[in-house]
Amino acid sequence: MRSDLQLNNVGRRYGIRGPWILRNVNLALAPNTLTRIEGPNGTGKSTLLRLLARMDAPTEGRVTGRPRTAYVPERFPQALPFTAEGYLTHLGTVHGLSRAAATRAAGEWLDRFGAKAHAGTPMTRLSKGSSQKVAVAQALLAEPELLVLDEAWTGLDADARAELERAVAERTAAGGAVVFVDHDPGRLVGASDATYTVVDGTLNRRTESATSPAGPQVSVEVQGPPGSQLPPEADRFITATTQPTPGTHHLTVPASRSDVLLRALLAARPPWHVVSLHRLADPDLPLDDESPR
């Protein structure tokens, strides 16, 4: 990332005398981080994300830093004069890709999200779910330094939701920053480096260390393809590792991050084989979801 993004004493209201939506907001987004924004509906979460994506300007305060940013809005416009592939190719060129590279990236992301069959479909004829896949793909195809996701999982099928989680892990592992809002409290649970709550227009922070050893620990035995290394998106959650035999790894990870670790391993290409999971406090007591995979 070329620079961090920072909000310094930022406030936002609409109209000269309109009520303040946000006030005195301070937030820094650093490389390799995942940030979750929480709060009840109508508290200003989407306004905050629009400020981060520079879709809106602050009424007061300053936004500094200009990472290459991509944004998935809560409501994605469907009435666009493009096919799905044509729209992604167009945006790829806007982001600086050559037309050939943009077309190639468009096809790859449509395929990853299970929408390749709709590449030639006009945007106006796409279902809500397929339109949302295009919305997510357009944000990812140019490998942004800052990825801003506003309810981006809404409308996606299970496979596409899992693929978006994998893409988020890839972005942070590659040095990018990701900030997201999602109505599902279990979304990427335990994976965030920091969580902020919007309450009455103010931002309150609760920091979560992705590598803190505090709390229950889990031992995970995994086997990888010959000669392969642990995927970088899995590495950030591991607190200890040993390799008793070639291809076999014994990993230690906080229990709160075990689901995220497993998703990263199983989503790797080719996938890793998860042999077993045990709580370190009692190796004979398996986790509820323990099973060879």
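One can find the structure itself at the top, above this paragraph.
Residues numbered from 1 in each chain as written. Predicted model: local features only at pLDDT ≥ 70, side-chain atom pairs only at ≥ 80, totals over all residues. Heavy atoms only, no water.

### A look at the packing of aromatic side chains
On inspection of all chains with the given rule, the structure shows three aromatic pairs. Consider the rings of Phe82 and Tyr87, whose centres lie 5.8 Å apart with planes at 55°: the pair is tilted. We classify Tyr87 as buried; its relative accessible area is 10%. On the basis of an interplanar angle of 70° and a centroid distance of 5.7 Å, the ring pair of Trp153 and Phe180 is categorised as edge-to-face. Of this pair, Trp153 sits in the loop between strand 6 (146–150) and helix 5 (158–173) while Phe180 sits in strand 7 (residues 177–181), and the two are 27 residues apart along the sequence. We note that Trp153, like Phe180, is buried. (Phe/Tyr/Trp six-rings, centres within 6.5 Å; stacked < 30°, edge-to-face > 60°. Buried < 20%, exposed > 50% of the residue type's maximum accessible area, 1.4 Å probe, protein only. Helix = DSSP H or I, 4+ residues; strand = E, 2+ residues; numbered from the N terminus.)

### A few points about the pairing of strand 3 (residues 33–38)
The element strand 3 is largely enclosed, with a buried count of five among its six residues. Both strand 3 and strand 7 contribute to a ladder of four bridges, which runs parallel. Paired with Thr33 across the strands is Ala177, a residue of strand 7. Direction of pairing for strand 3 relative to strand 8 (residues 194–199): parallel, over a ladder of four bridges. (Pairing = 2+ DSSP bridges.)

### Thoughts on the sheet that holds strand 10 (residues 217–223)
Here four strands make up an open sheet; going across it, the order is 11-12-10-13 and the pairing antiparallel. Strand pairing shows two members of the sheet lacking a second neighbour, strand 11 (240–245) and strand 13 (273–279), which therefore form its edges. Across the sheet, the mean angle from the axis of one strand to that of its neighbour is 20°, orientation sign disregarded. Examined bridge by bridge, strand 10 and strand 12 (residues 248–254) share seven bridges and lie antiparallel to one another. Note that in strand 12 the partner of Glu221 across the bridge is His250. (Axes fitted to C-alpha atoms, helices over the stretch in contact; angles between N-to-C directions.)

### Regarding the side chain of Arg171
Note that Arg171 resides in helix 5. Sequence-distant contacts of Arg171, defined by excluding residues within four places in its chain, comprise Leu140, Glu143, Pro144, Leu147, Gly176 and Val178. (Contact = heavy atoms within 4.5 Å.)

### Thoughts on the nonpolar core
Within the largest apolar cluster, 38 residues are counted, with the highest numbers of intra-cluster contacts made by Leu88, Val134, Leu140, Leu149, Trp153, Leu164 and Val168. Among the elements that line this core, the one with the most residues is helix 4 (residues 128–140), at six residues. Beyond its immediate stretch of four places on either side in the chain, Trp153 contacts Arg161, Leu164, Glu165, Val168, Phe180, Asp182, Arg187 and Leu188. Listed in part, the 24 residues of the second largest apolar core include Leu7, Val25, Leu49 and Leu51. (Core = buried A, V, L, I, M, F, W, Y, C linked by side-chain atoms within 4.5 Å.)

### Side note on the packing of helix 2 (residues 84–94) against helix 4
How two helices pack is summed up by the angle between their axes together with the distance between the axes. Two elements in contact, helix 2 and helix 4, have axes whose closest approach is 9 Å; the angle formed by their N-to-C orientations is 20°. When the axes of helix 2 and helix 4 are compared, the pair comes out roughly parallel. Judged by the twist between their axes, the crossing of helix 2 over helix 4 is right-handed. Across the interface between the two elements, Ala84, Tyr87, Leu88 and Leu91 from helix 2 touch Val134, Ala137 and Gln138 from helix 4. Along the lines of polarity and charge, the residues of the contact of helix 2 with helix 4 split into six nonpolar, one polar and no charged. (Parallel < 35°, antiparallel > 145°, perpendicular 65-115°, else oblique. Left-handed = near helix turned anticlockwise from the far one by under 90°. Nonpolar A, V, L, I, M, F, W, Y, C, P; charged D, E, K, R; others polar.)

### What about helix 5?
Across its 16 residues, helix 5 extends 23 Å between first and last C-alpha, which sits within 8% of the 22 Å expected from 1.5 Å per residue. Within the sequence span of helix 5, burial applies to Ala160, Glu163, Leu164, Glu165, Arg166, Ala167, Val168, Ala169, Arg171 and Thr172. The opening residue of helix 5, the one whose side-chain oxygen lies 3.2 Å from the backbone nitrogen of Asp159, is Asp157. One or two positions beyond helix 5, positive phi appears at Gly175, with a value near 105°. (Expected span 1.5 Å × (residues − 1). Polar contact = N/O pair within 3.5 Å; in protein donor to acceptor, adjacent residues only side chain to side chain.)

### Details of the packing of helix 2 against helix 3 (residues 99–112)
Two elements in contact, helix 2 and helix 3, have axes whose closest approach is 8 Å; the angle formed by their N-to-C orientations is 130°. In terms of axis orientation, helix 2 runs oblique to helix 3. Taken as a pair, helix 2 and helix 3 cross one another with a handedness that is right-handed. Each of Glu85, Leu88, Thr89, Gly92 and Thr93 in helix 2 lies in contact with helix 3, whose residues at this interface are Arg99, Ala102, Thr103, Ala106 and Leu110. Partitioning the contact of helix 2 with helix 3 into residue classes produces four nonpolar, four polar and two charged.

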